[in-house]
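A structural walkthrough
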Amino acid sequence: LELDRIYEPIREDLEKVEQGLQKISHVDFAFLSQLIGHSLKGSAKRIRPALTLLSGKFYDYNLNLLLPMAMAVEIMHTATLVHDDAIDKSMVRRGKPTINKLWGEDKAVLLGDYLFAEAGAFTASTKNLRVINLFAETLRTISNGELNQAYNAFNLKQNREQYYQRIAKKTSSLFCMVTESGSALSQAPEESIHILIEYGYNFGIAFQVVDDVLDFIGSEEELGKPIGSDLAQGTVTLPIMLLLENYPEDESLRTLFESRSESTDKKHIIEMVRNSPAIIKECYQVAADFCGRACTNLKRLPENPARQSLIELADFTIRRKK
Ligand code: IPE
Ligand code: IPE
Ligand code: MG
Ligand code: MG
């Protein structure tokens, strides 16, 4: 509901994105149609296509270009989630059973590939070489970040700088692609494009920091995905780094990471974060700082309802429960 209010300047066009996404599951093979439809439906927030359209609102808003681009980024994002859930053996996504749970990891890998190709085709349909290159570059960067995360699983010797670099790659890069493509496809001057890239970058860091804290303190019901997943994967996130700093004498976290054990009591560690207002507060402070940075230069863009929505979306991100 709150998102509906923020999306108001692009409401009708976001509806067209939704219809376009439904259409891509109309293919000549019923099983594939089912997989595509399943992956795109559910409690998805559609933040990336919304940001593409909002970023296009400052200059020459051309829906013939912005609509396929908005679809491309949501399809690309969905592909990363389908692969992410197969890697994590995760059972719930967008409030529904995952592709890997219902049909197996092999189908999830192949569906993810199919969706990446679909996203590439929609990007290419804009015939804009800048965004076509951006698609390839972004996919490369996300894969680099995800590989970095997999390589460093259960490695407790990681500092904040490594964490920020990794989430910049795995999450911010796509938000940068979203805002750069939306503005570049609407003939924005280079200076404005850069302000929006800066927004995407900082918004993305804040978004992932909040996701990482919700992985401890969120509700599965509201999130539509399981909590405790980062701990189970051995992914060192900001709340985990803060736990190590705040409770250096507690052995449970080190034991879990050293044994990489499935059986170690993760509930206890989750409870430690849930019962540490200082840790939670610090995570939200970090996220709020990045949201502040995201918005600092927006005032140099033309004033319009989309600009207000960008500010409100940043604000939503640090209060969100889903
Ligand atoms: C989840 O993204 C993956 C992250 C980058 C944290 P969203 O929270 O935007 O997921 P949906 O699209 O709403 O399901
Ligand atoms: C985002 O990180 C994943 C990608 C960028 C592909 P997470 O691994 O935290 O995403 P969730 O929490 O499973 O949605
Ligand atoms: Mg995950
Ligand atoms: Mg997460």
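Our structure's up above, just so we're on the same page.
Digging into the overall build of the protein
Across its full length, the protein carries 17 helices and two strands. Here the C-alpha radius of gyration of the protein, 19 Å, is about what a compact globule of 322 residues would show, namely 20 Å. Seen along its three principal axes, the alpha-carbon backbone of the protein occupies a region of about 60 × 50 × 35 Å. Burial analysis of the protein (322 residues in total) assigns 56% to the buried set.

Regarding the site of ligand 1
Every residue lining ligand 1 is accounted for by Ala44, Lys45, Arg48, His77, Leu81, Arg94, Thr171, Phe207, Gln208 and Asp211. A distance of 2.6 Å is found between an oxygen atom of ligand 1 and a side-chain nitrogen or oxygen belonging to Lys45. Within the contact set of ligand 1, an oxygen atom lies 2.7 Å away from a side-chain nitrogen or oxygen of Arg48. Relative to its free-state accessible area of 400 Å², ligand 1 is covered by the protein chains to the extent of 89%. Mapped onto the shell around ligand 1, the elements with two or more residues apiece are helix H5 (63–88) and helix H10 (190–217). The dominant element in the shell around ligand 1, judged by the number of residues it contributes, is H10, at three residues.

Digging into the layout of surface pockets
Volume-wise, the largest pocket comes out at about 1100 Å³. Ranked by the residues each element gives to the lining of the largest pocket, the list is headed by H5, at nine residues. Residues of the lining of the largest pocket, tallied by class, amount to 16 nonpolar, 13 polar and 19 charged.

Topic: the environment of Val109
Within the secondary structure layout, Val109 lies in helix H7 (residues 105–124). When the C-alpha positions of Val109 and Pro305 are compared, they lie 40 Å apart, and in sequence the two are 196 residues distant.

Here's the deal with empty space enclosed by the protein
Tallied over the full model, the rule gives three cavities of 30 Å³ or more. Empty space within the largest cavity amounts to approximately 100 Å³. Every residue lining the largest cavity is counted, 13 residues in all, and those nearest its centre are Ser39, Val82, Asp85, Arg93 and Ile99. Put simply, the parts of the chain that give the lining of the largest cavity at least two residues each are helix H3 (30–40), H5, strand S2 (96–97) and helix H6 (99–103). It is H5 that contributes the most residues to the lining of the largest cavity, four residues altogether. Within the lining of the largest cavity, the residues separate by chemical class into four nonpolar, five polar and four charged.

Observations concerning the site of ligand 2
Around ligand 2 sit Thr80, Asp84, Arg93, Glu146, Lys170, Gln208, Asp211 and Lys225, and those are all the residues in its vicinity. Taking Asp84, its side chain carries an N or O atom lying 3.0 Å from an oxygen atom of ligand 2. Contact distances for ligand 2 include 2.7 Å between an oxygen atom and a side-chain N or O atom of Arg93. Computed on the free molecule, ligand 2 has an accessible area of 390 Å², of which 89% lies beneath the protein chains in the complex. Cavity membership is defined here by more than half of the atoms lying within 2 Å of grid points; on that basis ligand 2 lies in the largest pocket. The set of elements that each furnish at least two residues to the shell around ligand 2 consists of H5 and H10.

Some points on the coordination of the magnesium ion (ligand 3)
Of the protein atoms, only Asp84 (OD) and Asp88 (OD) coordinate the magnesium ion (ligand 3), at distances of 2.1 to 2.7 Å. The two metals, the magnesium ion (ligand 3) and the magnesium ion (ligand 4), are separated by 4.8 Å. Separated by four residues within a single helix, Asp84 and Asp88 lie in helix H5, roughly one turn from each other. A relative accessible area of 17% places Asp84 in the buried class. Residue classification places Asp88 among the buried residues on the basis of a relative accessible area of 17%.

Reading the values: the criteria
Residues numbered from 1 in each chain as written. Chains lettered and ligands numbered in written order. Predicted model: local features only at pLDDT ≥ 70, side-chain atom pairs only at ≥ 80, totals over all residues. Heavy atoms only, no water. Helix = DSSP H or I, 4+ residues; strand = E, 2+ residues; numbered from the N terminus. Rg over C-alpha atoms; globule rule 2.2 N^0.38 Å. Buried < 20%, exposed > 50% of the residue type's maximum accessible area, 1.4 Å probe, protein only. Near = heavy atom within 4 Å. Polar contact = N/O pair within 3.5 Å; in protein donor to acceptor, adjacent residues only side chain to side chain. Areas by Shrake-Rupley, 256 points an atom, 1.4 Å probe, with all protein chains shown as cover. 1 Å grid on protein atoms, 1.4 Å probe; cavity = no way out; pocket = protein on both sides within 12 Å on 5 of 7 lines; lining within 4 Å. Points joined across faces, edges and corners; volume = space filled by probe spheres on them. Nonpolar A, V, L, I, M, F, W, Y, C, P; charged D, E, K, R; others polar. Sits in = over half its atoms within 2 Å of the grid points. Donors = N, O, S within 2.8 Å, 3.2 Å for Na, K, Ca; no water.

In short, geometric facts, not functional conclusions.
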